[in-house]
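Okay, here's what each chain looks like letter by letter:
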Amino acid sequence: MNKVINRKGCILILARAGSKGIANKNMIDVCGKPLIYYAIKAAKDFGNLDIFVSSDSKEILDYAKSLKVLTVERPINISNDLSLDLEGFEHFFNIYKEYDYSVHLRATFPLINKNIIESANELFLKNYDKFDSLRSVIPVSQSPYKMWHIDEGIAKTVIPGNTQHSSPRQIIKNSFIQNACIDITKRKNVLESKNMIGRKCLPYIMKKTDNIDIDNINDLKEAINAIRIRDGKQPSR
């Protein structure tokens, strides 16, 4: 049986002010609470790691403080539509040098809960010496080996050099897509390798239905109904 490695970790929630799909998305009302509340609540229910919210928004930072979690004021230049998670993590790890790894919770996944955090964190620690990161994924029915994109009027396989586009689906490997629920990365990936996954990424496989990441109004309606059903209420019409 694998031994759980004793490493110092934390939870980091990146939550910037701007959003093109939904204005001020991270603070929008979702069943009576700001969207970011659900990630913070799950982290606090888990309770085993320090919790940080990184944002360029005073409103978000003040709200996080009201829930008794730690905050990081993120520079505006790494808080825009094209900013990468990597930039937010670089900023964080350069300030807080005591953490070996960080659990990344996305404020846009309101169905996160303490059991997901606990099982993902435990899985990562049991495999700490073998893997550099962890990422939640769900199975997809459409294989990327069957996918194409159009480049200047020419159909090209999404996977360069792919020769399985006409193969029977039974012989093509199962595919998974990240679902923006939970990631875990080591400090060294961010500061030394300059990426979020390192060389080996450990999959945390979730159900196909675990796919509610709020990016637009339709996603928001779906999330509200899922939360209402979870809480024993009728879905909204």
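The rules we used
Residues numbered from 1 in each chain as written. Predicted model: local features only at pLDDT ≥ 70, side-chain atom pairs only at ≥ 80, totals over all residues. Heavy atoms only, no water. Helix = DSSP H or I, 4+ residues; strand = E, 2+ residues; numbered from the N terminus. Buried < 20%, exposed > 50% of the residue type's maximum accessible area, 1.4 Å probe, protein only. Core = buried A, V, L, I, M, F, W, Y, C linked by side-chain atoms within 4.5 Å. Contact = heavy atoms within 4.5 Å. Axes fitted to C-alpha atoms, helices over the stretch in contact; angles between N-to-C directions. Parallel < 35°, antiparallel > 145°, perpendicular 65-115°, else oblique. Left-handed = near helix turned anticlockwise from the far one by under 90°. Phe/Tyr/Trp six-rings, centres within 6.5 Å; stacked < 30°, edge-to-face > 60°. Lys NZ or Arg CZ within 6 Å of the ring centre and 35° of its normal. Polar contact = N/O pair within 3.5 Å; in protein donor to acceptor, adjacent residues only side chain to side chain.

### What about the environment of Asn127?
Consideration 1: Relative to the helices and strands, Asn127 is located in the loop between α4 (114–126) and β7 (133–139).
Consideration 2: Assessed through its relative accessible area of 12%, Asn127 is described here as buried.
Consideration 3: For the pair formed by Asn127 and Asn115, sequence separation is 12 residues and the distance between their alpha carbons is 18 Å.

### Some details on the nonpolar core
Consideration 1: Counting residues in each nonpolar core, the largest one holds 51 residues, and the members touching the most others are Ile11, Ile13, Ile36, Leu105, Ile112 and Ile182.
Consideration 2: Per-element tally for this core: the top contributor is helix α1 (residues 35–46), with 9 residues.
Consideration 3: Leaving out residues up to four positions away in the same chain, Ile36 has contacts with Ile13, Ala15, Asn26, Met27, Val53, Ile60, Tyr63 and Ala107.

### Focus on the packing of α1 against α4
Consideration 1: Between α1 and α4, the least distance of the axes is 8 Å, while the angle of their chain directions is 60°. Here α4 runs oblique to α1, going by the angle between their axes. Here α1 runs over α4; the crossing is right-handed. Contacts from Ala42, Ala43, Asp45 and Phe46 in α1 reach Lys114, Ile117, Glu118 and Asn121 in α4.

### Let's talk about the packing of aromatic side chains
Consideration 1: The full count for this structure, using the stated rule, is 12 aromatic pairs.
Consideration 2: Relative to Tyr99, the ring of Tyr96 has its centre 6.5 Å away and its plane inclined at 50°; by these criteria the two rings are tilted.
Consideration 3: Judged by its relative accessible area of 2%, Tyr99 is buried.
Consideration 4: Here the aromatic rings of Phe124 and Tyr128 are separated by 5.4 Å at their centres, their planes lie at 70°, and the arrangement is edge-to-face.
Consideration 5: Owing to a relative accessible area of 0%, Phe124 belongs among the buried residues under this scheme.
Consideration 6: A connected cluster of aromatic rings, assembled from ring pairs, spans Phe52, Phe89, Phe92, Phe93, Tyr96 and Tyr99.
Consideration 7: Across the ring face of Tyr37, the terminal group of Lys33 is positioned such that the distance to the ring centre comes to 5.0 Å.
Consideration 8: If you follow Lys200 out to its NZ or CZ, it ends over the ring of Phe131, 5.0 Å from the centre.

### Examining the side chain of Thr108
Consideration 1: Positionally, Thr108 belongs in the loop between β6 (101–106) and α4.
Consideration 2: Judged by its relative accessible area of 12%, Thr108 is buried.
Consideration 3: Separated by 2.5 Å, the side chains of Thr108 and Asp213 make a polar contact.
Consideration 4: Those residues in contact with Thr108, other than ones at most four positions away along the chain, are Lys25, Asn26, Leu35, Ile212, Asp213 and Ile214.

### As for the environment of Lys156
Consideration 1: Relative to the helices and strands, Lys156 resides in strand β9 (residues 154–157).
Consideration 2: Expressed as a C-alpha distance, the spacing of Lys156 and Arg187, which sit 31 residues apart in the sequence, is 37 Å.
Consideration 3: Residues in contact with Lys156, not counting those within four places in the same chain, are Met147, Trp148, His149 and Asp151.
Consideration 4: A distance of 3.0 Å separates polar atoms of two side chains, one belonging to Lys156 and the other to Asp151.

Worth remembering: the numbers are spatial, not functional.
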